[in-house]
Amino acid sequence: MRKFHKSILAMAGVSTLAIAAPAFAQDAAAPQEAAEVPSSGVDIVVTATRRAERLQDVPLAVSAIGAEQLAATGFKDLTNIAYTFSGVQFGTTPNDAGFRVRGVGTLGGFTSASEAPVGLVVDNVVVGFGSPVNSLGDLERIEVLKGPQGTQFGKNASSGVINITTKKPELGAFNGNAFASYGSLNERDIHGAVNIPLGQKAALNIYAFDRAYDGFIKNTVRDESWGGQHFYGTRAKLLIEPTDGFSVYVIGDYSRQKQKGPGQTWTLNKLSDAQTAPGGIAGLPFVNLAALGVTLGLHNNVSIEDGAGYYDVENYGASLQADLELGDYTLSSITAYREFSEAPFTYAIDGLPYQKFFAKSKGETKRFYSQELRLTSPSGQPLEYIAGLYLSRQKSGLGGGQSATLSPALPYAAFPTISITGGYNVTRTTSDSAALFFDGKYHITDTLSLIGGGRLTRDKVKASNFSYVDPDLDPFVPPMPSNGFTPSGTVPYAARALQTGTAKKTDISGRAGLEYKPDRDLLFYATYARGYLGPTVTFSGLTGTRSSVAPQTVNDITAGAKMQFLNRTLTLNLNGFWDKYKDLQTSVFDGQEFLTENAGGAEVKGFEIEAVVRPGQGFSFNSSLTYSDAKFTDYITACPGVIVRAGNAATQCTAPGSTTATPLYQAAGNVLPGSPKISIVMGANWERPITDTLTFDASANISFRSKTQNAVADKNTVQPAYEVVNLNVGLGDADGAWRIGGFVRNLFNTDFNSAILGLPFSDGGYVNWRTREAERTFGVTLEGRF
C-alpha cells in the first residue's frame, strides 16, 4: 500500500500542476468554448456500432482512446492497453493467451483452436490469431467493447471486442512523420510514415517500424539475457475513390518478431523441501541455487534453464474493402487473408540446469480467410440498421509438429529418456464459420429508441492428430554384457495412429434493449444479450488426448448511463453488468500439460465507472474503475495438485463421479484464473504554450490491479496487487512540426509477474512468468512531421 500511496501522490502532483496551468495559459491563447475543446478520449468518433458516431451517443459499454493519448503513455505494444483501460487484461501464458475483458478471456490449453472470447478487429478485419499491430505508430484509435458482440462484427465474440482503426491515407495531400526513441535495456523504437497522393482520387500511405529491446532475465547457466525481442515490419494502404459514392481500400502488412530465449519467460518461484534437499532434483550436489544466484520467490529474476531457446514468427496479410453507395444506403465488401508462420524452435520447461524436459518444433503455419458483406442504412431515419453475411475459414497446425522428451531419472541417471509426445506430435484443425447478422435501432420517439439485433451462426470444426517417429532421438540400446547391463537411449515407443474429431453447431445469439436520450448530453440504456462461442475439438500438445468442447454461451444484462455536465467539461459514464456463462471453455493442468474442457458455469458481475474532467483548454484528467467479481458456479475438474500434496484429496476432492483413483474437485466459488476483482486507471494530460512557437506538454498515467490467482484452489499461484506509474514530458513546435521528449514507464520500479504457474513435471514446484513491463524504463524521444 505504501507504493500505491506514493503513486497517487505522484499523480496528484502532476494533476495539481496541470489544473492550475490553464489560468496561466489564458493570456497566451484565448480559450475555446467547452463543447469545442478536443476531448481526452471521450468525445472522439468511434465505429463501435459500425457507424461513425460520437462515443457519448453509443448505447453500449464501450471505452476508447485516441492516438495522441495512447502515445502519451509511452507504451509501445498493443498488449499494453491493459494499462490504459480498466477491466482489460492481456494473458501471455499458454492457458490464458490473449485479451480478457471483465475477467473473462481465453482459458484454453496449448493446442486450443477455438475462436477467442474477446475478438480482435483491425480495420474492419477480424484477426483470428496473432496481431498485425506490432507498432502503435499509425493507430487512429482503439475501442474496447464490453460484453457479448456479434450482431455488428463479422466473427462472434462472446466476451468483448478490441476494435482498432489505423490512419487512412489522405487524398490530395503529401505529408509524413518520423519518430525515434531510445530507452533502458537498449530499447529502440523507430517508425515513420509517408502519405503520397496519386492524382486527386487516390492516395498511398506507407508505414514502417523497427522496435527492439534487450533481455530482462539473466540466465546464469548459459550466461545469456533472455526475453529480448526484435520487431520490424511495414503496412501499406491504398485508398481509391474513382467516383462519388464508390471507394476501394486495400491494405497489406508484414511483420516479424524474434526473441532470444524461450517464449516461456519464467523463473523458479517455489520448490518443495524434498526438491531442494541434498540429493533432490534442485538440491546439492546437482544444483546449488545460491551459487547460481537464485533466490526463490515472487521476485526471482534469474533463470537456470540449461536449454537454448529462441522464437521467430512472421505475421502478414492483406484486405480489400469496397464501399458502394446505393442511394442513401452503403454496401460494403471486406475480403481478407492472414498468415502466421512460426520458424522451427526449441525450448525447455523444467526450470533446471540440466536437460530433464526438452522440446522442439518444426514450425507451424496458421491461415485465415474471411469474406464479409454488409449493408448499412442511412442515419437519421426511424429505423437505422446494419445487416450482413460473414464467412471464414481458419487452418492451424500446418507444420511438422512438436517432439518432446522427459528424463525422469535425471539427475540420478541418464536413462530412461521417454518420448512423451510419441515422436513428433501433429494436430491440424480446420474451423469454418458462416453467419447472418443484423443490428439496428428503431426510434420510437425523439428520445426513446429500441435497440437490438440477432445473429445466426453455423460453426464446423474438423481436427486430426497423429505422431510419427522422431529420427533424431537416440535409439534404444537394451542392457547387455557389452554395456555392463546398462540400457541407454530412448525408451521404445510407438507412433500414434491418426485420430480425428468433428464438431458442428448452429446457434442464435443477439441483443435487445432500450435507449433513452432526454438531452444531448444524457444517455441511458439497458440491454440483454446472449453471446455464443462455437464448439471445437482439441488434442493435447503432449499426449494427443482428445477433448470435445461444447459451445460456450453467456447471458448478459448491462445497464448504463453516459452523461456530460457543465457544458461538457465533466463527462461521467457508468454501467453495471451481470454475465452468466454456461459451458465455459477453459483448461486444466494435469501436472504435465493443459487439457481443454468445459466448466459447467461461471458468473461475472460488477460495475464500471469512467470520468473525464476538462477544466480548461489544454488540460484533461481521466479515470476509470472496473469492479468484476468473476467466479465459477460449477466446474468439476481434476483434483488440484496442491490439495493432493497436502493429503486432503479424500476430503476436498469428492465431486460426483470422483473415485479414489481419480479424485475430482468441485471448483464452484473459485475465482476465474487471472481475473482481478478491481482495476483502476487514472491519467492526466496537460499542454501549455510557452511562446508563440513553443509548446510544453506533460502527461501521467497510473494503472492499479488487485491480486489475481492463476490456478484453481492454489494460493501458491497468487500474484499480489500492484500498480504501474508512467510519466511523459515534451517540448515541441506549436504547429506540431517537431517534438523532443522524455518518458519513464514503471516509475517506482514495481516488480510483478504476468502469471504464476505450477512447474510442469514437478511435484510442488512453481514458476514466475516474467514480463518486460515490470522493468523501469527511462527514455527520450524525437519526432517530426512534414
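Residues numbered from 1 in each chain as written. Predicted model: local features only at pLDDT ≥ 70, side-chain atom pairs only at ≥ 80, totals over all residues. Heavy atoms only, no water.

Thoughts on the sheet that holds strand E4 (residues 88–91)
Applicable threshold: Strands are treated as partners if at least two bridges between them are detected by DSSP. Secondary structure elements follow DSSP: runs of H or I of four or more residues count as helices, runs of E of two or more count as strands, with numbering from the N terminus.
Read across the sheet, three strands follow the order E4-E5-E6 without closing on themselves; strand pairing throughout is antiparallel. Edge positions in the open sheet fall to E4 and strand E6 (104–105), since each of these has one partner strand only.

Considerations on the pairing of strand E10 (residues 160–166)
Let me state the cut-off plainly: Burial classification: accessible surface area is computed with a 1.4 Å probe over protein chains only, and a residue below 20% of its type maximum counts as buried, one above 50% as exposed, and the rest as partly exposed.
Across the seven residues that make up E10, a large majority, seven, are buried. Burial along E10 is two-sided: the residues Gly160, Ile162, Ile164 and Thr166 and Val161, Asn163 and Thr165 are all buried. As judged from the five bridges shared by strand E7 (residues 118–122) and E10, these two strands associate in the parallel manner. Note on E10: the bridge partner recorded for Gly119 is Val161.

Thoughts on the confidence of the model for the chain
Formally: How sure the predictor is of each residue is captured by pLDDT, a score from 0 to 100. In what follows, a contact means two residues having at least one pair of non-hydrogen atoms within 4.5 Å.
For the chain, the average pLDDT comes to 88, and 92% of its residues sit at 70 or higher. Segment residues 1–42 is flagged for pLDDT under 50; beyond a separation of four residues in sequence, or across chains, it makes 68 contacts in the model.

Details of the sheet that holds strand E19 (residues 302–303)
What the three strands build is an open sheet, ordered E15-E14-E19; its pairing is mixed. Where the open sheet ends on each side, the last strands, each with one partner, are strand E15 (224–226) and E19. Alignment of strand E14 (residues 217–219) against E15, held across three bridges, turns out to be antiparallel. Of the residues in E15, the one forming a bridge with Lys218 is Ser225.

Remarks on the nonpolar core
Applicable threshold: Side-chain atoms within 4.5 Å link the members of a nonpolar core, which is a set of buried Ala, Val, Leu, Ile, Met, Phe, Trp, Tyr and Cys residues.
If you look at the biggest cluster of nonpolar residues, it comprises 28 residues, and the most contacted ones within it are Phe357, Ile420 and Phe761. If you look at the next biggest cluster of nonpolar residues, it comprises 21 residues, including Val58, Leu60, Ala64 and Val313.

Remarks on the pairing of E7
With respect to burial, E7 is a largely interior element, five of its five residues being buried. Where E7 and strand E8 (residues 125–127) come together, three bridges link them in antiparallel fashion. Across the sheet, the residue bridging to Leu120 is Val127, located in E8. With antiparallel pairing between neighbouring strands as the criterion, E7 and E8 make up a hairpin whose turn holds two residues, including Asp123 at a positive phi of roughly 50 degrees.

Focus on a nonpolar patch on the surface
Quick note on the threshold: Only residues whose relative accessible area exceeds 30% and that form no salt bridge are eligible for patches; like-charged ones are grouped when within 9 Å, while nonpolar side chains (Val, Leu, Ile, Met, Phe, Trp, Tyr) are grouped when within 5 Å. Here, Shrake-Rupley sampling with a 1.4 Å probe gives the accessible areas, and only protein chains in the shown set may cover a residue. For this document, the term salt bridge refers to a Lys or Arg side-chain nitrogen within 4 Å of an Asp or Glu carboxyl oxygen.
Residues Leu373, Leu389, Leu391, Leu436, Leu456 and Ile508 make up a contiguous nonpolar surface patch of roughly 510 Å² in combined accessible area. The topology assignment puts Leu436 in strand E27 (residues 418–443).

A word on the packing of aromatic side chains
Going by this rule: What counts as a ring pair is set by centres within 6.5 Å for rings of Phe, Tyr and Trp (its six-membered ring), and what kind of pair is set by the plane angle: stacked under 30 degrees, edge-to-face over 60, tilted for all other angles. Placement of a positive charge over a ring is assigned whenever Lys NZ or Arg CZ falls within 6 Å of the ring centre and within 35 degrees of the normal to the ring plane.
Tallying each qualifying case throughout the model produces 21 aromatic pairs. For the pair Tyr254 and Tyr316, a centre-to-centre distance of 6.2 Å together with 25 degrees between the ring planes defines the contact as stacked. With Tyr254 in strand E17 (residues 246–260) and Tyr316 in strand E20 (residues 310–326), this residue pair connects regions lying 62 residues apart in the sequence. Tyr254 sits in the partly exposed class, given a relative accessible area of 26%. The interplanar angle of 80 degrees and the centroid separation of 5.3 Å between the aromatic rings of Phe286 and Tyr412 together place this pair among those described as edge-to-face. Taken together, the positions of Phe286 in the loop between helix H3 (273–276) and E19 and Tyr412 in the loop between strand E26 (402–406) and E27 put the pair 126 residues apart, joining distant regions of the chain. Its relative accessible area of 31% is what places Phe286 among the partly exposed residues. Here the aromatic residues Tyr311, Phe345, Tyr347 and Phe357 are joined through ring pairs into a cluster of three or more. Its end group placed over the ring of Phe231, Arg211 keeps NZ or CZ at 4.3 Å from the ring centre.

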